[in-house]
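# Coordinates in review
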Amino acid sequence: MDRFIIRGGRPLHGEITIGGAKNAGLKLLVAGLLTSERLVLTNVPHIADIATMESLLRQHGLTVETVGGDKTKLSVGGEITSTEAPYDIVSKMRASILVLGPLLARCREARVSLPGGCAIGTRPVDLHLKGLETLGAKITLENGYINARAPNGLTGDRIVLPFASVGATENLMMAATLAHGRTEIVNAAREPEMVDLADCLNAMGARITGAGTGHIIIDGVEALHGAEHRIMSDRIECGTYACAAAITGGDLRLIGGNVDHLGAVVRAFEEAGVEVTQEGDVMRVRRTGALRGIDIMTEPYPGFPTDMQAQFMALLSVAEGASMITETIFENRFMHVPELNRMGARINVHGSSAIIRGVHSLSGAPVMATDLRASFSLILAGLAAHGETILSRVYHLDRGYEAVERKLAACGAQIERVKD
């Protein structure tokens, strides 16, 4: 099992290229289930979750291969030979539930294991199932599996989501592309990744309007065809490396970063005393003065993303004054707090809120990653801390970030990966 050894106290300067978005790439790979023709994706991130999704698609009979030896370019396609998504693959990653809608739409049946993933909350799939039932699916739960059938195909209808679930919106949008008639998704998630998925599906022949708003309309078509699509840059990776510049008092140019995709994150940086500017296709982040404490509440897009909460907690742990972070999305996403406190942070959790009293400096310590984003919060703390930090269980990090040690070391960080 790999570990990171980090020796902190060095401001970061230089350039980091932001890779393709994990939260877009996974769903775009799944879109390959909707057609027997080839879907070619470029700017594919080379991360563990993508590899897991490739394994799942191969389980369904699809061919997934690189194009021209380029690991950032994947071709997906072929006939579906199995409509079962087994537990041993699905349990590794929650995004696996997204094969349910496309399998049901194209094959009229699916058997999908209830999913796993990071232990940051329950994240029930009931909105996915209720939405598909609205489209005419017959669904039963048995022995840990979702059994879904639609013998006559899915039929478009109006679906009102009780909250703007990203996964449910994506699953239902993909399923509706092959449904009979029109589907409306009300209170749909509005993340930029939703627009990226809709753009790809439309390039495949779907008829989707309203992606990026709370009201998406899908007019079903008989079949989708192949296409080529470039995956958007990862706004969470971009925000994470922006935190690295901020917490070390550095100056980073993030190639492919887009201020417009970050929304509330940029406002939070500015309130905390961090300068963020857009220079063509580069987002520049720098800090020259002290960090200021701020209050943050996680919310669905365009609010502050839960996937940036842990990173900002590390940042605010060395800010002047007090800060408060309120988590409204997942009920168990403060597992990094004890590890940050081991490094000298002063953080107290009260229910769904964490009070952070800024300290002058952190100190290196042995710490353990608990989930994907928490992993990087501890790297950030290590970059700012005096002394040596040893981060264990970095396999969490590998699920969503590529070549972390190489990217950070190129900008002046002292960080290395070692194997036990």
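As the structure is a computational prediction, the values presented were derived from the model and not from experiment. (Residues numbered from 1 in each chain as written. Predicted model: local features only at pLDDT ≥ 70, side-chain atom pairs only at ≥ 80, totals over all residues. Heavy atoms only, no water.)

Here the focus is the pattern of salt bridges. The tally for this structure, following the rule as stated, stands at 26 salt bridges. R7 is the partner of E416 in a salt bridge, and the nearest nitrogen-oxygen pair spans 3.7 Å. Taken together, the positions of E416 in strand β24 (residues 414-419) and R7 in strand β1 (residues 2-7) put the pair 409 residues apart, joining distant regions of the chain. Ionic pairing is found between E275 and R286, a salt bridge with its closest N-O pair at 3.1 Å. Of this pair, E275 sits in strand β16 (residues 275-279) while R286 is found in strand β17 (residues 282-286), placing the two residues 11 residues apart along the sequence. Each of D2, D398, E405, R417 and K419 takes part in a single network of salt bridges with overlapping partners. (Salt bridge = Lys/Arg side-chain N within 4 Å of Asp/Glu carboxyl O. Helix = DSSP H or I, 4+ residues; strand = E, 2+ residues; numbered from the N terminus.)

What follows is about the nonpolar core. Of all hydrophobic cores here, the largest spans 75 residues; its most connected members are M53, L100, L154, M173 and L201. If you tally residues by element for this core, the top one is helix α6 (residues 166-176), at six residues. With sequence-adjacent residues up to four places away left out, L100 is seen in contact with A110, V112, L129, L132, I146, A148 and N171. (Core = buried A, V, L, I, M, F, W, Y, C linked by side-chain atoms within 4.5 Å. Buried < 20%, exposed > 50% of the residue type's maximum accessible area, 1.4 Å probe, protein only. Contact = heavy atoms within 4.5 Å.)

For the structure on display, the rule yields four aromatic pairs. Consider the rings of Y241 and F376, whose centres lie 5.4 Å apart with planes at 85°: the pair is edge-to-face. With a gap of 135 residues between them, Y241 in helix α8 (residues 235-248) and F376 in helix α13 (residues 372-384) connect regions that are remote in the sequence. Just as Y241 is buried, F376 falls in that class too. The interplanar angle of 50° and the centroid separation of 4.8 Å between the aromatic rings of F269 and F312 together place this pair among those described as tilted. With F269 in helix α10 (residues 264-271) and F312 in helix α11 (residues 309-316), this residue pair connects regions lying 43 residues apart in the sequence. The same class applies to F269 as to F312, namely buried. Taken together through their ring pairs, the aromatic side chains of Y241, F376 and Y401 make up a single cluster. Of note, R111 hangs over the ring of Y145, and the distance from its end group to the ring centre comes to 3.9 Å. (Phe/Tyr/Trp six-rings, centres within 6.5 Å; stacked < 30°, edge-to-face > 60°. Lys NZ or Arg CZ within 6 Å of the ring centre and 35° of its normal.)

Right, let's get into the sheet that holds strand β13 (residues 215-219). Spatial ordering of the open sheet is given by β10-β11-β13-β12, a layout of four strands whose pairing is mixed. Where the open sheet ends on each side, the last strands, each with one partner, are β10 (158-160) and β12 (207-209). Direction aside, neighbouring strands of the sheet carry axes that sit 15° apart on average. (Pairing = 2+ DSSP bridges. Axes fitted to C-alpha atoms, helices over the stretch in contact; angles between N-to-C directions.)

Looking now at the packing of helix α1 (residues 22-30) against helix α7 (residues 192-203). The geometry of α1 relative to α7 is characterised by a closest axis approach of 9 Å and an angle of 30° between their N-to-C directions. Put simply, α1 runs roughly parallel to α7. For the element pair α1 and α7, the recorded crossing hand is right-handed. Note on element contacts: α7 touches α1 through E193, D196, L197 and C200, opposite N23, A24, K27 and L28. The residue inventory of the contact of α1 with α7, partitioned by class, reads four nonpolar, one polar and three charged. (Parallel < 35°, antiparallel > 145°, perpendicular 65-115°, else oblique. Left-handed = near helix turned anticlockwise from the far one by under 90°. Nonpolar A, V, L, I, M, F, W, Y, C, P; charged D, E, K, R; others polar.)

A separate point is empty space enclosed by the protein. A complete count under the given rule lists two cavities of 30 Å³ or more for this structure. In the lining of the largest cavity, the residues fall into three nonpolar, three polar and five charged. Residues lining the lining of the largest cavity come from more than one domain, with at least three contributed by each of domain 1 (2-19 + 233-419) and domain 2 (22-230). Computed from the structure, the second largest cavity encloses a volume of approximately 40 Å³. For the lining of the second largest cavity, the per-class residue count stands at two nonpolar, five polar and two charged. (1 Å grid on protein atoms, 1.4 Å probe; cavity = no way out; pocket = protein on both sides within 12 Å on 5 of 7 lines; lining within 4 Å. Points joined across faces, edges and corners; volume = space filled by probe spheres on them. Domains from an automatic or database assignment.)

Going from Y301 to P302, the amide bond is cis rather than trans, its omega being 15°. Mapped onto the elements of the fold, P302 is located in the loop between β18 (295-297) and α11. With a phi close to 55°, N143 is a non-glycine residue in the positive phi region. Within the element layout of this structure, N143 appears in the loop between β8 (138-142) and β9 (145-149). The exposed category is assigned to N143, whose relative accessible area is 67%.

Put simply, an interface is often sized by how much accessible area is lost when its parts join up. In terms of domain boundaries, the chain breaks down into domain 1 (2-19 + 233-419) and domain 2 (22-230). At the junction of the two partners, domain 1 supplies 22 residues and domain 2 supplies 20 residues. Interface of domain 1 and domain 2: buried area, both sides summed, is about 1800 Å²; carbon and sulfur atoms make up 52% of it. On the surface where domain 1 and domain 2 come into contact, there are three salt bridges. The shortest N-O distance in the salt bridge between D49 and R399 comes to 2.9 Å. Remark: the boundary between domain 1 and domain 2 carries eight residue pairs in polar contact (both at pLDDT 80 or more). Among the residues forming the side of domain 1 that touches domain 2, the class breakdown is seven nonpolar, five polar and 10 charged. (Buried area = accessible area lost by both parts, 1.4 Å probe. Polar contact = N/O pair within 3.5 Å; in protein donor to acceptor, adjacent residues only side chain to side chain.)

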